[in-house]
Amino acid sequence: ELAIEEFAEKSYRSASISRIVARAGIAKGSFYQYFEDKADLYRYLIQLSIQEKQRFFEAHPPPRGETDIFDWLRWLAKAGLDFQFTNPRLARVTYRAIYEDAPLPDVYRTAIQESGKAFFEPLVQRGITQGRIDPNLDPDLVVFIFSALLTQLGEHLMQRLGIPREALLDQGARALDDPALAALLTDLITILERGLRPHDAAPE
């Protein structure tokens, strides 16, 4: 928990193992019984974040019988925000790993991106099969759009609505009750739906 807090609040370069062990009240040598160095700890936290998010989605499945791609995306965006708002520090660690200049091998960053790709590829194919996504669009590009949007969504909405990260530690997913946030989610799905549907589909 102290390591998650350290890497959530500070960049990789600024995070300090000495500060973590001092706050934990343990000898620095004890840390090296479990991790080789700061990079090893960081990799562990990234993997932990991916695993926790997968468990969260499994525990909060979409409504039974939900098959429409854009209704499913609406659920996914809400569930993703539930995870980010319920686990703000852990989610922040992953966000920093993707978008900040951590001096780590690209394989760590790629692991996060590949986990998103594996998640969204079957979703995009389902949308094409349903006739809800234009089959002439590059499916890999659509996967990238879904992954990038939903990865950055929590950060964007917190800034847009002025939700302090500290407030999430107390409010958690209750912050999602804000009507303005619900309206922005609706706008996001509307933009995606109108942009990705087949050209001959009738406007809704």
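Residues numbered from 1 in each chain as written. Predicted model: local features only at pLDDT ≥ 70, side-chain atom pairs only at ≥ 80, totals over all residues. Heavy atoms only, no water.

Draft legend 1. Summary view of the overall build of the protein chain. Within the protein chain, the secondary structure is distributed over ten helices and zero strands. Its helices and strands taken in sequence order, the protein chain reads α-α-α-α-α-α-α-α-α-α from the N to the C terminus. Buried positions account for 45% of the 204 residues belonging to the protein chain. Long-range contacts, defined as pairs at least 24 residues apart, comprise 67% of the intrachain contacts of the protein chain with a sequence gap of at least 6. (Helix = DSSP H or I, 4+ residues; strand = E, 2+ residues; numbered from the N terminus. Buried < 20%, exposed > 50% of the residue type's maximum accessible area, 1.4 Å probe, protein only. Contact = heavy atoms within 4.5 Å.)

Draft legend 2. A look at the packing of aromatic side chains. Counted by the stated rule, this structure contains ten aromatic pairs. Their ring planes at 65° and their centres at 5.6 Å tell us that F56 and F83 sit as a pair that is edge-to-face. Remark: F83 occurs in helix 5 (residues 69-86) and F56 occurs in helix 4 (residues 38-59); sequence separation between them is 27 residues. F83 gets classed as buried once you look at its relative accessible area, which sits at 3%. Members of the aromatic cluster, connected to one another through ring pairs, are F31, Y32, F35 and Y44. Across the ring face of Y12, the terminal group of K38 is positioned such that the distance to the ring centre comes to 4.6 Å. Over the face of the ring belonging to W72 we find R126, whose NZ or CZ atom lies 5.2 Å from the ring centre. (Phe/Tyr/Trp six-rings, centres within 6.5 Å; stacked < 30°, edge-to-face > 60°. Lys NZ or Arg CZ within 6 Å of the ring centre and 35° of its normal.)

Draft legend 3. Looking closely at the pattern of salt bridges. According to the stated counting rule, one finds ten salt bridges in the structure shown. For E5, the salt bridge identified is with R23, shortest N-O distance 3.3 Å. Of this pair, E5 sits in helix 1 (residues 2-9) while R23 sits in helix 2 (residues 17-24); the two residues are 18 residues apart in sequence, bridging distant segments of the chain. A salt bridge links R55 to E52; the nearest nitrogen and oxygen atoms lie 2.5 Å apart. Here the residue R55 and the residue E52 both occupy positions in helix 4, the gap between them amounting to three residues, near one helical turn. Using a relative accessible area of 44% as the deciding quantity, one classes R55 as partly exposed. Each of the salt bridges in this network shares a partner with another, and the network as a whole consists of E5, E9, R23 and R89. (Salt bridge = Lys/Arg side-chain N within 4 Å of Asp/Glu carboxyl O.)

Draft legend 4. Region of the structure containing the packing of helix 1 against helix 2. Running from N to C, helix 1 and helix 2 cross one another at 140°; their axes reach a closest spacing of 10 Å. The orientation of helix 1 relative to helix 2 falls into the category oblique. For the element pair helix 1 and helix 2, the recorded crossing hand is right-handed. Counting all contacts with helix 1, which are made through L2, A3, E5, E6 and F7, the residues of helix 2 involved are R19, I20, R23 and A24. Taken together, the residues that form the contact of helix 1 with helix 2 break down as five nonpolar, no polar and four charged. (Axes fitted to C-alpha atoms, helices over the stretch in contact; angles between N-to-C directions. Parallel < 35°, antiparallel > 145°, perpendicular 65-115°, else oblique. Left-handed = near helix turned anticlockwise from the far one by under 90°. Nonpolar A, V, L, I, M, F, W, Y, C, P; charged D, E, K, R; others polar.)

Draft legend 5. Structural view of the nonpolar core. Ranked by size, the top nonpolar core spans 54 residues in total, and within it F7, L41, L73, L76 and F146 carry the most contacts. Examining the composition of this core, we find that eleven residues originate from one element, helix 5, more than from any other. What L76 contacts, discounting residues up to four positions off in sequence, is F57, F119, F120, L123 and L150. (Core = buried A, V, L, I, M, F, W, Y, C linked by side-chain atoms within 4.5 Å.)

Draft legend 6. Summary view of the environment of W72. Within the secondary structure, W72 is located in helix 5. Judged by its relative accessible area of 11%, W72 falls in the buried class. Placed 51 residues apart in sequence, W72 and L123 show a C-alpha to C-alpha distance of 8.9 Å.

Draft legend 7. Structural view of helix 2. Turning to helix 2, its buried residues number three or more, namely I17, I20 and V21. All buried residues of helix 2 project into a common sector of 90° when viewed along the axis, lining one side. Capping the start of helix 2, S16 holds a side-chain oxygen 3.2 Å from the backbone nitrogen of S18, two or three residues further along. Positive backbone phi, approximately 70°, marks G25, located one or two places after helix 2. (Arc of directions from axis to C-beta. Polar contact = N/O pair within 3.5 Å; in protein donor to acceptor, adjacent residues only side chain to side chain.)

So yeah, pure geometry; function would need other evidence.
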